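Architecture and fold: a report
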Amino acid sequence: MTPSQPNRTTPAARATKLWTKFGFTEPADLVLEDLAFALGVVVIEGRLDSADARLIRNRDKGLIRVREDIPEGGRKRFALGHELGHWELHAGVSQVFSCTSEDMLAGYKGSAHEVEANLFAAELLMPRNLFRRRMGNEDPLAPVLRDLAGYFQTSLTATAVRFVELADEKYAMVLVEDGRVRWWRASGAFEGFWIDPKLEVSPATLAGAYLNGEPLPPGAEEVDGDAWLGSKAPQVGDPLFEVAIPLTAYGQILSMLWPA
Ligand SMILES: [Zn+2]
């Protein structure tokens, strides 16, 4: 009975409603454990083997367990927001949700319920209007993303995804792991942006140069668009700006790209 297409409006609307109901005006007001408690859900941290977080529902009471060894506060918050999404949206679907780190990334692929839980978590943690106001017209340089992540208490990766989602201009983010592209997202304006799946990162990119032991420049640097873009991208040949940010706790590199 899993719907094949996620509902893309209800999850965010439900998260917005909670901000209104509880009178939150800034991210510091949003104490997730308190919000959960007000919604009938107790949150604990503990051991989980294969999942990042789990929700168990018993009628109007719930228990969320978040994996204790998630190495980053922001990622724990996203996992908790994700489970609250299941709590708010999926009462009739299942009494148990056990969600992996892959589920927390589901944006377009993945089960509709996982996508919906992520849409809810993104809006709950990084409300659209507040996020847009704070991002202004800045390019996603490392200090800009770090400021946003600090303000919203989110991981750099979730912050970068939100930045790309809400940008009116052409921006993309790429997550590199083990020298290959793991996944990427592009803003709606960046039509035709395409990176081949599992692309081996070229040394002509900043991420690739960093993997080869070269130091990263402090800001954005122009790189050859061909080094990133795949055969399906019409912009091949056009130069790109790149900012590369190592995520050392995960052995990953986050690269932000936009037309030069
Ligand atoms: Zn889930």
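Throughout what follows, the structure given in this document is the object of discussion.

Analysis parameters
Residues numbered from 1 in each chain as written. Predicted model: local features only at pLDDT ≥ 70, side-chain atom pairs only at ≥ 80, totals over all residues. Heavy atoms only, no water. Helix = DSSP H or I, 4+ residues; strand = E, 2+ residues; numbered from the N terminus. Rg over C-alpha atoms; globule rule 2.2 N^0.38 Å. Buried < 20%, exposed > 50% of the residue type's maximum accessible area, 1.4 Å probe, protein only. Contact = heavy atoms within 4.5 Å. Salt bridge = Lys/Arg side-chain N within 4 Å of Asp/Glu carboxyl O. Patch = residues over 30% accessible without salt bridge, like charges linked within 9 Å, V, L, I, M, F, W, Y side chains within 5 Å. Areas by Shrake-Rupley, 256 points an atom, 1.4 Å probe, with all protein chains shown as cover. Donors = N, O, S within 2.8 Å, 3.2 Å for Na, K, Ca; no water. Tetrahedral: all angles 85-135°; square planar, octahedral: opposite > 155°, others 65-115°. Pairing = 2+ DSSP bridges. Axes fitted to C-alpha atoms, helices over the stretch in contact; angles between N-to-C directions.

1. Here we look at the overall build of the protein chain
The helix and strand inventory of the protein chain stands at 8 helices and 9 strands. In terms of C-alpha radius of gyration, the protein chain reaches 19 Å, essentially the compact-globule figure of 18 Å for 260 residues. Across its three principal axes, the protein chain shows a C-alpha extent of roughly 55 × 35 × 35 Å. The buried share of the protein chain, taken over its 260 residues, is 49%. Taking the contacts inside the protein chain whose residues are at least 6 apart along the sequence as the reference set, 54% of them involve residues at least 24 apart.

2. Focus on the pattern of salt bridges
Scanning the model with the defined rule gives 14 salt bridges in all. Here Asp52 and Arg67 are joined by a salt bridge, their closest N and O atoms 3.1 Å apart. Taken together, the residues Asp52 in the loop between β1 (41-46) and β2 (53-58) and Arg67 in strand β3 (residues 61-67) connect sequence positions 15 residues apart. One exposure class covers both Asp52 and Arg67, and it is buried. The partner of Glu200 in a salt bridge is Arg180, with the nearest N and O atoms 3.5 Å apart. Of this pair, Glu200 sits in the loop between β6 (180-186) and α8 (206-211) while Arg180 sits in strand β6, and the two are 20 residues apart along the sequence.

3. Concerning a nonpolar patch on the surface
Nonpolar side chains collect at one region of the surface, where Phe37, Val42, Ile56, Leu63 and Val96 lie side by side and expose about 420 Å² of accessible area between them. Inspection of the secondary structure puts Leu63 in strand β3.

4. Observations concerning the coordination of the zinc ion
Those protein atoms acting as donors to the zinc ion are His82 (NE2), His86 (NE2), Cys99 (SG) and Glu114 (OE), and they sit at 1.9 to 2.2 Å. For the zinc ion, the 4 donor atoms are set out with angles of 89 to 130 degrees between them, so the coordination reads as tetrahedral. Read in sequence order, the donor residues for the zinc ion give the motif H-x3-H-x12-C-x14-E. Taken together, the residues His86 in helix α3 (residues 73-89) and Cys99 in strand β4 (residues 96-99) connect sequence positions 13 residues apart.

5. Let's talk about the sheet that holds β1
Strand order in the open sheet formed by 4 strands is β1-β3-β2-β4, and the pairing between neighbours is mixed. If you trace the sheet from one side to the other, it starts and ends with β1 and β4, each paired once. Averaged over all pairs of adjacent strands, the angle between strand axes in this sheet comes to 10 degrees, irrespective of strand direction. Note: β2 against β4, 4 bridges, orientation antiparallel. The partner of Leu55 across the bridge, within β4, is Phe97. Packing of α3 onto the sheet brings it into contact with β1, β2, β3 and β4, and relative to β3 it is tilted by some 155 degrees.

Purely geometric numbers; function is a separate question.
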